[in-house]
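Close look at the chain arrangement
So the chains spell out like this:
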Amino acid sequence: MSFSFCVFFCAHLIRIAAGTESQHGPLEEQLLEEGSNSGRRTGRLYCRVGIGFHLQIHPDGRVNGSHESDQLSVLELFAVSQGVIGIRGVFSNRYLAMNKKGRLHAIEKFTDDCKFRERFQENSYNTYASVTHKNHRTGREWFVALNKRGKAKMGSSPRVKSQHVSTHFLPRFNLQEKTEPGFTITDKSNEKKKTSTPPPKPPTPKVNFDAGRKRGQTIKYWPKFRFG
């Protein structure tokens, strides 16, 4: 009786292990999926070159910049490892990638070409360098960059450097529009009651300037001049 029970128990454990392996897949894929689901940030990447452009990822795989922000410029940045991120277009559902020639494009499946090293610069802007591709002879990194017309530049170009404004991007993760600052003043002059009643006077015609104003009405004043 004990021998048959042991055989049944071992067979049950083997079936459980086989089902778990087929359901979750290799361990490497699990770690990649868990890494891509952590540290997600949704916003836009604003490049300061020219008149200023927002990085866009199109459904057909094109990558460029647009001065006006739209749904194509909404990006999702997620952490792959320490200092390494991936960039996905929320509307296009494609990942930003750089091929072995340094050309930027967008693909449907996340690969090593989609890994970029995010660095914070002293001017509060960020740079994004390809982790996989660079100049192997000199060791110079290839960066994500836009030219002054909003077109994607070749990362392998000698002019694309971390010091150039074409590689500087400002992450904008707060997509809510900011309201203009102002201050309020509450008119409570009508709420004051007179302690003594003055002697009656003959009625004289006068204009009531506060006829349309309610008691305790809040008046908003907005600054006339803006700075910055």
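Quick summary incoming for the structure in this document. (Residues numbered from 1 in each chain as written. Predicted model: local features only at pLDDT ≥ 70, side-chain atom pairs only at ≥ 80, totals over all residues. Heavy atoms only, no water.)

So, unusual backbone geometry
- The backbone of N93 sits at a positive phi, close to 60°, despite the residue not being glycine.
- Along the chain, the position of N93 falls in the loop between strand 5 (84-89) and strand 6 (95-98).
- On the basis of relative accessibility, which here comes to 45%, the residue N93 falls in the partly exposed class.
- The phi angle at S124 is positive, at roughly 75°, despite the residue not being glycine.
- With respect to the secondary-structure elements, S124 resides in the loop between strand 8 (116-120) and strand 9 (126-134).
- Among the residues examined, S124 registers a relative accessible area of 56% and is labelled exposed. (Helix = DSSP H or I, 4+ residues; strand = E, 2+ residues; numbered from the N terminus. Buried < 20%, exposed > 50% of the residue type's maximum accessible area, 1.4 Å probe, protein only.)

As for the nonpolar core
- Of all hydrophobic cores here, the largest spans 21 residues; its most connected members are L45, L55, I87, L96, Y128 and F169.
- Elements with a contribution of two residues or more to this core: strand 1 (41-47), strand 2 (53-57), strand 4 (75-81), strand 5, strand 6 and strand 7 (104-107).
- No other element matches strand 2, which puts 3 residues into this core.
- Core analysis: the next-biggest nonpolar cluster, separate from the first, contains 5 residues, F78, Y95, A97 and C114 among them. (Core = buried A, V, L, I, M, F, W, Y, C linked by side-chain atoms within 4.5 Å.)

Remarks on the pattern of salt bridges
- Counted by the stated rule, this structure contains 7 salt bridges.
- R88 is the partner of E76 in a salt bridge, and the nearest nitrogen-oxygen pair spans 3.0 Å. Of the two residues, E76 is situated in strand 4 and R88 in strand 5; the sequence distance between them amounts to 12 residues.
- In this structure E76 comes out as buried when scored by relative accessible area, which is 11%.
- As a salt-bridge pair, D112 and K115 come within 3.3 Å of each other at their nearest N and O atoms.
- According to the relative accessible area criterion, K115 is partly exposed, its value standing at 21%.
- Three or more residues joined by partner-sharing salt bridges are found here, namely R40, E76 and R88. (Salt bridge = Lys/Arg side-chain N within 4 Å of Asp/Glu carboxyl O.)

These values are about where atoms sit, not about what they do.
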